[in-house]
Amino acid sequence: MAAEPMTERELTEAFVRALPPDGPYGPAAGRALEELTGTARESDPALAAAWAGAADADPARLADLARALHRRLGAGRAEGELREGLRGWLREYAPAREGGAHRRDGPGAPAARTVDEGADRTGGGASECAVGGEADRAAGGASGRAVGEGTDRAAGEASEGAVGGDVDRAAGGAPEHVGGEADRAAGEAPERVGGDADRAAGETPERAADRAGGPVVGHSSAHVNSLSGHTRVAGSSVQARDIHGGVHLHQPAPPGRPPVPRQLLPVPAHFTGRAGDLRALDALRAARRASAPQVAVVSGPAGVGKTALASRWLSALTPEFPDGQLYADLRGHTPGGPAGPTEALAGFLRALGAASIPGSLAEQAALWRSLTAGLRLVVMLDNALSAAQVRTLLPAAPGSLVVVTSRHRLTGLGVDGAGFHQVGMLDPAAALELFARGVGGDRVAADRPAAREVVDLCARLPLAVCLAAAQLAARPRRPVAALASALTRGRGPLETLGVEGDTAVRTALDESFAALPARAADAYRRMGLLPVTRYDGPMAGAVCGVPPEEAEDLLELLLEVNLLEEAAPGSAPGDRYRFHDLVRLHAGGRAEADLPEPERRATLRRFADWCLATATSAEALLTPSHRTLDRDYAHPPVPPVAFDAQGPALAWLDEHRFDLMAAVRLAAREGWDASAWQLVDAMWPLFLRLRPYDLWTEAHALGLAAARRAGHRAGEGRMLTSGGNGLCHTGRFDEAARWFEDALRHAGEDGDERQRAQALHGLGRAHFGAGRTQDAERHYAHALALREAIGYTRGAALSRVCLGEIALTHDRPGLAAERLATARAELVAEGDSYDAARALALLGHATARGGHARTGMRRLLRALVEFENAGSVHWQARTMEYLGQACQEHRALAEAARWFTRSLALYDPVSPTDATRLRARLRELPPRPRPGL
């Protein structure tokens with residue numbers, strides 16, 4: 001099988017890296033080796049092939065390759081110069097073995113066997129034996145004396161059983177060592193290609209273990225491990241032979257998990273007057289049942305301060321809930337309707353580490369209960385509409401606390417053990433104190449009767465009082481009495497303001513709005529039209545037609561006068577500001593009253609165009625090979641949106657996923673059909689990388705209907721094929737097959753061979769998922785033939801990847817590896833790094849299953865690094881599972897357990913089905929004996 005070539009410079013650097021850390025190597029050594037071999041490589045094709053083949057050899061053996069090349073050279077002038085040059089290079093840069101021969105693992109040389117130097121340079125291949133430090137330095141780790149340190153960080157794990165060190169010999173088969181052309185070039189017989197040159201010369205397994213720095217996996221050895229010198233062992237151990245000197249072993253880092261969520265909204269700076277309410281909530285908690293999560297319902301009229309009270313109470317309890325605080329706005333009284341349970345659940349699951357979310361509500365709820373079963377969490381469910389909306393979101397842990405705020409009492413939650421507390425208006429003294437804190441004590445003291453009148457006119461409702469105080473604070477020369485007069489507007493006594501205070505708030509909001517500068521008032525109105533709950537400068541700038549910097553200033557001004565609130569600390573950049581639901585209603589009402597209908601529609605279209613342009617910019621960076629179809633803008637954003645790296649692009653899609661879905665729904669509702677399906681198309685990297693299955697299927701159903709209404713055949717085909725993929729991910733394989741059959745029929749009618757191949761490929765996927773492997777293989781092969789015929793290299797490579805998976809299903813790892821190696825090379829050449837990593841992971845799995853665990857694990861470790869860089873948690877978990885399988889097959893059971901455990905940690909919040917399989921794998925492993933038994 002063809003190797004993945006290194007460049008000449010990479011190869012010479014790999015030679016240099018194989019030398020001891022204290023040797024006199026460096027740039028001069030690399031240049032010398034490159035120069036002295038250049039002429040010979042040009043004149044000797046076999047020698048050139050040897051160099052290319054070495055790209056896939058273990059870099060720790062590259063000096064051995066140099067010796068082999070030296071032995072193999074003939075008597076020609078160029079070859080003779082190369083021979084003499086290599087002899088001098090080895091003499092100068094490689095330490096001497098006992099008896100005068102050169103060896104790297106003698107005194108003063110590293111014991112490390114680094115893994116795939118190319119992977120190290122791309123961000124961190126790890127040592128399979130994890131003894132020594134060359135791999136550490138290649139991956140950016142610490143010194144060569146640290147054993148396993150840095151390799152854990154680089155690619156995940158240090159092997160405690162020398163897995164892959166020389167596993168090919170332990171497996172007992174003829175080591176074809178896929179991709180290992182170096183040994184063939186060094187003179188080894190073809191049937192021994194990829195084995196070990198020393199073994200071909202008659203080396204015993206014990207000798208091989210000695211040279212490798214540890215026993216061969218699966219081989220019985222009588223050697224006893226010995227540690228001497230200033231040795232410190234912590235955590236995992238390394239099964240090696242004699243190790244001398246200052247050796248340090250470090251426990252591999254556990255799987256990464258997100259920071260503990262702290263999502264509660266900030267407590268308002270002027271919070272006051274709720275001591276009685278806080279005591280009542282404490283009493284509710286003291287009466288809790290120990291067998292179930294505590295649920296407290298805080299109800300009261302709009303604007304009474306339910307959210308502030310709950311935030312204040314829960315913030316004081318932070319030390320008692322070490323697993324975090326979750327917050328969701330259920331939008332029970334917004335014009336767009338309440339939030340669905342899947343939206344809140346998806347946010348909670350992601351906050352607890354889930355990178356992708358199950359497709360159905362039942363699966364999400366089950367995963368939520370599983371994840372929270374052993375946690376001590378605070379969950380705040382704000383602005384709930386009904387008990388049914390809340391019930392699905394209750395965690396499973398008895399040690400958790402849930403607070404629900406609502407305008408309604410939600411007595412239906414009594415069956416869930418909820419306690420209830422009704423929040424009333426502030427008492428007169430507390431309302432006056434709140435007003436004085438916002439305005440300034442001196443101004444209130446100067447006209448206390450007018451101040452009392454103001455808070456009475458505000459119905460002692462905290463929201464209205466704060467709005468009134470903000471008006472006076474922004475206008476320091478305005479008398480308090482003038483504000484009182486403005487609030488009454490001649491309407492008479494307090495009773496006209498309404499029982500729940502809505503009229504008081506509306507009056508205060510009208511007064512605050514009237515005092516806004518024109519640009520801020522315009523931003524307020526337009527933001528009130530948007531179908532979102534969070535805002536930032538770029539979004540506000542797009543809908544208002546001003547630069548983002550100016551929009552930020554307008555948002556800060558609205559914040560100053562209490563018309564906007566700050567989001568929770570640590571929120572995503574796109575979630576910096578929020579409206580109180582009453583304020584959002586008021587802003588939307590002002591837009592309806594003040595802006596003509598064409599202007600309101602233009603505002604909404606600017607929002608949709610901003611979402612489309614920004615998502616398309618992210619798509620171009622994250623999936624450059626994804627064929628971008630038409631983009632139609634009524635108001636192209638100025639300046640155009642751009643990302644400078646994949647990380648921020650993917651983060652933006654993640655943070656704005658619900659804004660994007662709101663834009664899709666808006667476009668479909670308003671009849672902007674082109675925008676609707678194009679938005680769905682631009683969200684492809686979000687679906688591909690992060691797998692929000694519920695959004696994937698909903699978006700494509702809307703996008704397909706929009707493309708059909710628009711009569712856009714290419715858009716319809718794209719929605720059918722990418723939507724069919726989403727259906728496959730949710731297990732709806734027969735429905736997916738119908739989508740792909742529609743796409744195939746349309747492509748045939750249009751004469752679009754590329755789209756026809758895409759539909760055939762999708763049909764293969766649907767049949768494969770349904771267990772119909774023969775049908776799947778037939779469709780994949782047909783797609784491959786079409787893609788090759790039209791010169792669509794990337795598509796052909798993807799079909800080869802799938803055919804490789806089918807070959808693995810049929811237990812034909814050799815055929816799978818052949819297909820996958822070709823696909824990997826093609827995808828790398830096409831610049832499709834994500835799919836190239838998929839091909840590499842499957843290639844590593846096929847190689848290990850074919851009996852060559854060392855090469856397979858090296859490829860898997862390299863793929864793991866690539867998936868970490870791409871942010872693909874699902875494929876990280878899958879690659880770790882493959883690593884565990886390779887270890888299990890070669891009896892490195894402790895190592896297998898660690899890989900399976902790490903895989904399970906990633907699968908748990910992503911896929912219950914995969915997590916169940918990993919738990920079964922762990923149960924199948926024999927228990928490890930306890931020390932002393």
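Use the structure listed above.
Worth saying up front: this structure is predicted, and the values here are computed from it rather than measured.

(A) The arrangement of the packing of aromatic side chains in detail. Per the stated rule, a full pass over the model turns up eleven aromatic pairs. When the ring of F687 is compared with that of W696, the centres are 5.6 Å apart and the planes differ by 20°; the resulting orientation is stacked. Seen in terms of ring centroids, Y834 and F867 are 6.3 Å apart; in terms of plane orientation they differ by 75°. Their pairing is edge-to-face. Here F867 lies in helix α41 (residues 853–870) and Y834 lies in helix α40 (residues 833–849), a separation of 33 residues in the sequence. Of the two residues, Y834 and F867, both sit in the buried class. Through a chain of ring-to-ring contacts, the aromatic side chains of F513, Y524, Y535 and F579 assemble into a single cluster.

(B) Layout of the pattern of salt bridges. A full pass over the atoms with the stated rule returns 49 salt bridges. A salt bridge links R601 to E597; the shortest N-O distance between them is 4.0 Å. Of this pair, R601 and E597 are both found in helix α28 (residues 597–622), four residues apart, which corresponds to roughly one turn of the helix. Judged by relative accessible area, E597 falls into the partly exposed class, the value being 41%. With its nearest N and O atoms 2.7 Å apart, the salt bridge here joins R794 to D832. One end of the pair, R794, is in helix α38 (residues 793–809); the other, D832, is in the loop between α39 (813–830) and α40, with 38 residues separating them in the sequence. With a relative accessible area of 14%, R794 lands in the buried category.

(C) Quick peek at α41. With 18 residues, α41 should reach 26 Å at 1.5 Å per residue; the first-to-last C-alpha distance of 25 Å fits that figure. Residue G871 follows α41 closely and has a positive phi angle near 75°.

(D) Broad picture of the environment of L461. With respect to the helices and strands, L461 occurs in the loop between α20 (448–457) and α21 (462–474). According to the relative accessible area criterion, L461 is buried, its value standing at 0%.

(E) Geometry of the sheet that holds strand β8 (residues 378–384). Taken in spatial order, the five strands line up as β7-β8-β9-β6-β10 in an open sheet, and their pairing is parallel. With one partner strand each, in any of the chains shown, β7 (325–329) and β10 (419–422) form the two edges of the open sheet. Looking at each pair of strands side by side, their axes are set apart by 15° on average, direction ignored. Relative to strand β9 (residues 401–406), strand β6 (residues 294–299) is paired through six bridges, and the arrangement is parallel.

(F) Fine view of the environment of G374. Within the secondary structure, G374 sits in the loop between α16 (361–372) and β8. The exposure class of G374 is exposed, given its relative accessible area of 71%. Separated by 25 residues in sequence, G374 and G399 have C-alpha atoms that sit 8.1 Å apart.

Reading the values: the criteria
Residues numbered from 1 in each chain as written. Predicted model: local features only at pLDDT ≥ 70, side-chain atom pairs only at ≥ 80, totals over all residues. Heavy atoms only, no water. Phe/Tyr/Trp six-rings, centres within 6.5 Å; stacked < 30°, edge-to-face > 60°. Helix = DSSP H or I, 4+ residues; strand = E, 2+ residues; numbered from the N terminus. Buried < 20%, exposed > 50% of the residue type's maximum accessible area, 1.4 Å probe, protein only. Salt bridge = Lys/Arg side-chain N within 4 Å of Asp/Glu carboxyl O. Expected span 1.5 Å × (residues − 1). Pairing = 2+ DSSP bridges. Axes fitted to C-alpha atoms, helices over the stretch in contact; angles between N-to-C directions.

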